[in-house]
Amino acid sequence: SQSRYQLEGNEETRLSVAYGLGKTYGQTRVYGDVEAEYLVGSNDKTVDGEWNVTPTVGVAYTFNEQLSAFGEVSYTWEASNDWARAGGAVEVGTRWNATEIVWLQPSLVHSFDVPGAKDQTNAHLELGLRF
């Protein structure tokens, strides 16, 4: 299991807590987590304390120490708004560990069921550093 605490600040402030579980079968890892997020202020709308809850399930396959592939699906509900649907996402991608502290993760993210928006697919590129 894992717990993650995150505090971000820019044009919006969010505090999130996540709890996850996973099980490894050979080179395949099946996992799930749930994240609760408190959001105050946003660039696209004024939010006065909004709670969101997002469960995620996924599977990852490790090819070697440097390369793995993953797929996951998540869905968000606005808990402070009678559990209104906020939309979901499906993501598939790879993770390449360039060194012990640097990794690169390209993926495709397909969002769906977002109120007032069409379903869309976007490319996502994440660069990570471990300290």
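Residues numbered from 1 in each chain as written. Predicted model: local features only at pLDDT ≥ 70, side-chain atom pairs only at ≥ 80, totals over all residues. Heavy atoms only, no water.

Quick notes on the packing of aromatic side chains
- Counted according to the given criterion, the structure contains four aromatic pairs.
- A ring pair is formed by Y61 and F63, whose centres lie 5.0 Å apart and whose planes are at 70°; its orientation type is edge-to-face.
- Assessed through its relative accessible area of 45%, F63 is described here as partly exposed.
- Among the aromatic residues, those joined into a ring-pair cluster are Y75, W77 and F112.
- Against the face of W103 rests R95, its NZ or CZ located 3.8 Å from the ring centre. (Phe/Tyr/Trp six-rings, centres within 6.5 Å; stacked < 30°, edge-to-face > 60°. Buried < 20%, exposed > 50% of the residue type's maximum accessible area, 1.4 Å probe, protein only. Lys NZ or Arg CZ within 6 Å of the ring centre and 35° of its normal.)

Description of unusual backbone geometry
- With a phi angle near 50°, D82 is a residue other than glycine that sits in the positive phi range.
- Within the secondary structure, D82 is located in the loop between β5 (67-78) and β6 (84-97).
- Residue classification places D82 among the exposed residues on the basis of a relative accessible area of 74%.
- The phi dihedral of W83 falls on the positive side, at around 60°, and the residue is not glycine. (Helix = DSSP H or I, 4+ residues; strand = E, 2+ residues; numbered from the N terminus.)

What about the environment of L127?
- As for its position among the elements, L127 is in strand β8 (residues 120-129).
- Classification of L127 as exposed rests on a relative accessible area of 62%.
- The spacing of L127 and R95 is 32 residues in sequence and 9.7 Å in space, taken between C-alpha atoms.

What to know about the pattern of salt bridges
- Within the structure shown, the criterion is met by two salt bridges.
- Between E37 and R14 there is a salt bridge whose closest N-O contact spans 2.5 Å. Of this pair, E37 sits in strand β3 (residues 28-40) while R14 is found in strand β2 (residues 13-25), placing the two residues 23 residues apart along the sequence.
- The salt bridge involving D113 is made with R85; its shortest N-O contact spans 3.7 Å. With D113 in the loop between β7 (102-112) and β8 and R85 in strand β6, this pair connects stretches of sequence that are 28 residues apart.
- Judged by its relative accessible area of 31%, D113 is partly exposed. (Salt bridge = Lys/Arg side-chain N within 4 Å of Asp/Glu carboxyl O.)

Considering a nonpolar patch on the surface
- A cluster of nonpolar side chains, contributed by Y61, F63, L67, W96, L104, L125 and L127, occupies part of the molecular surface with about 690 Å² of accessible area.
- When you line up the elements, F63 lands in the loop between β4 (50-62) and β5. (Patch = residues over 30% accessible without salt bridge, like charges linked within 9 Å, V, L, I, M, F, W, Y side chains within 5 Å. Areas by Shrake-Rupley, 256 points an atom, 1.4 Å probe, with all protein chains shown as cover.)

Focus on the pairing of β2
- The pairing of β2 with β3 spans 13 bridges and is antiparallel. Within β3, the residue paired with K23 across the bridge is V30. (Pairing = 2+ DSSP bridges.)

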